[in-house]
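Topology and contacts: notes
For reference, the chains in residue letters:
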Amino acid sequence: MYQLYWHPNASSLAPMAVLEELGVEFDLHQVNYDGGETRTPEYQSLQPLGLIPALKFEDGSSMFESAAIVLFLCDRHRQPELAPSLEDPERPRYVQWLFFMADTIYPSYNRYYRSERYTANPEGVPGVKEQARSNILAHWQVIEDSLQRNGPWLLGDRFSSCDIYLQMLTTWHESPRDLLESFPAIHQLARGVVARDGCRRAIQRHNFDTGIESAAAS
Ligand SMILES: N[C@@H](CCC(=O)N[C@@H](CS)C(=O)NCC(=O)O)C(=O)O
């Protein structure tokens, strides 16, 4: 059985939502972040940087990186609704969006919230933050434009785990409500993700403010 190392308000949300949507059995281990668990050798044997999430397998081996976990789970359980198969013509677009979110949007949020980690000069911190804020909005615009042209999901009329990952990222915005009000197609997508039973269970556990209810209808 899988064991997901997770924490409220962390990027364990997308892997947990995928586990829920797949309907596979899994155990949860809530990481004691405030108690220093991520700094222990035990935790760092699962995630060398002490970040959340990590996924442990029945044989004791494990993997980390939230998007990689999402991709792995969908491939392993071959549920075409959640990820196009290797032969599917939609596969390139699926992988493209998952990587765009994990290696472009996600790091911009890291630079925004953890700006001090991205400059050796304390005076540079506000500049890193300011630039990250502008990058984040530019990245969301790329997603919005694509959804406007070919929505309502990232793969057009086909829902996938990319959409689950996207909804997770919207909750990291300083005000998810402002984000969703500025980007109506993203708002509509997020609403669709939250309406799914498995996703909703994972979101409730993570305690995120989705901004969906409070954002003005678009
Ligand atoms: N690229 C990694 C990043 C993981 C990550 O940054 N996790 C955050 C939670 S969202 C964390 O553990 N932060 C704690 C810290 O930076 O000390 C992934 O997608 O799994």
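Right, let's walk through the structure included here. (Residues numbered from 1 in each chain as written. Predicted model: local features only at pLDDT ≥ 70, side-chain atom pairs only at ≥ 80, totals over all residues.)

Structural notes on the sheet that holds strand E2 (residues 26-30)
- Ordered by their spatial adjacency, four strands build an open sheet running E2-E1-E3-E4, and the pairing between neighbours is mixed. In this open sheet, the two edge strands, each paired with only one partner strand, are E2 and strand E4 (62-64). When strand polarity is set aside, the average angle formed by the axes of neighbouring strands in this sheet is 20°.
- Note: strand E1 (residues 2-6) against strand E3 (residues 54-56), three bridges, orientation antiparallel. Of the residues in E3, the one forming a bridge with Tyr5 is Ala54.
- This element, helix H1 (residues 13-22), spans E1, E2 and E3 of the sheet and lies at about 150° to E1. (Pairing = 2+ DSSP bridges. Helix = DSSP H or I, 4+ residues; strand = E, 2+ residues; numbered from the N terminus. Axes fitted to C-alpha atoms, helices over the stretch in contact; angles between N-to-C directions. Contact = placed C-beta atoms within 7 Å.)

Points about the environment of Ser62
- One can find Ser62 in strand E4.
- According to the C-beta neighbour criterion, Ser62 is partly exposed, with 16 such atoms within 10 Å.
- On a C-alpha basis, the gap between Ser62 and His206 in space is 22 Å, while along the polypeptide they are 144 residues apart.
- Those residues in contact with Ser62 that lie beyond four places of it in its chain are Leu46, Ala54, Leu55, Lys56 and Phe57. (Buried ≥ 20, exposed ≤ 12 C-beta atoms within 10 Å, placed from the backbone.)

Focus on the nonpolar core
- In terms of nonpolar packing, the biggest core is built from 59 residues, with Val18, Val70, Leu98, Met101 and Tyr165 touching the most fellow members.
- Both domains that furnish three or more residues to this core are identified here as domain 1 (2-77) and domain 2 (91-196). (Core = buried A, V, L, I, M, F, W, Y, C linked by C-beta atoms within 7 Å. Domains from an automatic or database assignment.)

Considerations on the environment of Leu22
- Along the chain, the position of Leu22 falls in helix H1.
- Remark: the alpha-carbon pair of Leu22 and Gln79, spanning 57 residues in sequence, is separated by 7.4 Å.
- Filtering out sequence-adjacent residues up to four positions away, Leu22 remains in contact with Leu73, His77, Gln79 and Leu82.

Focus on the pairing of E1
- One ladder, built from five bridges, connects E1 with E2; its direction is parallel. The partner of Gln3 across the bridge, within E2, is Asp27.
- Of the crossover connections in this fold, the one passing from E1 over H1 to the parallel E2 is right-handed. (Right-handed = clockwise from strand over helix to strand, strands pointing away.)

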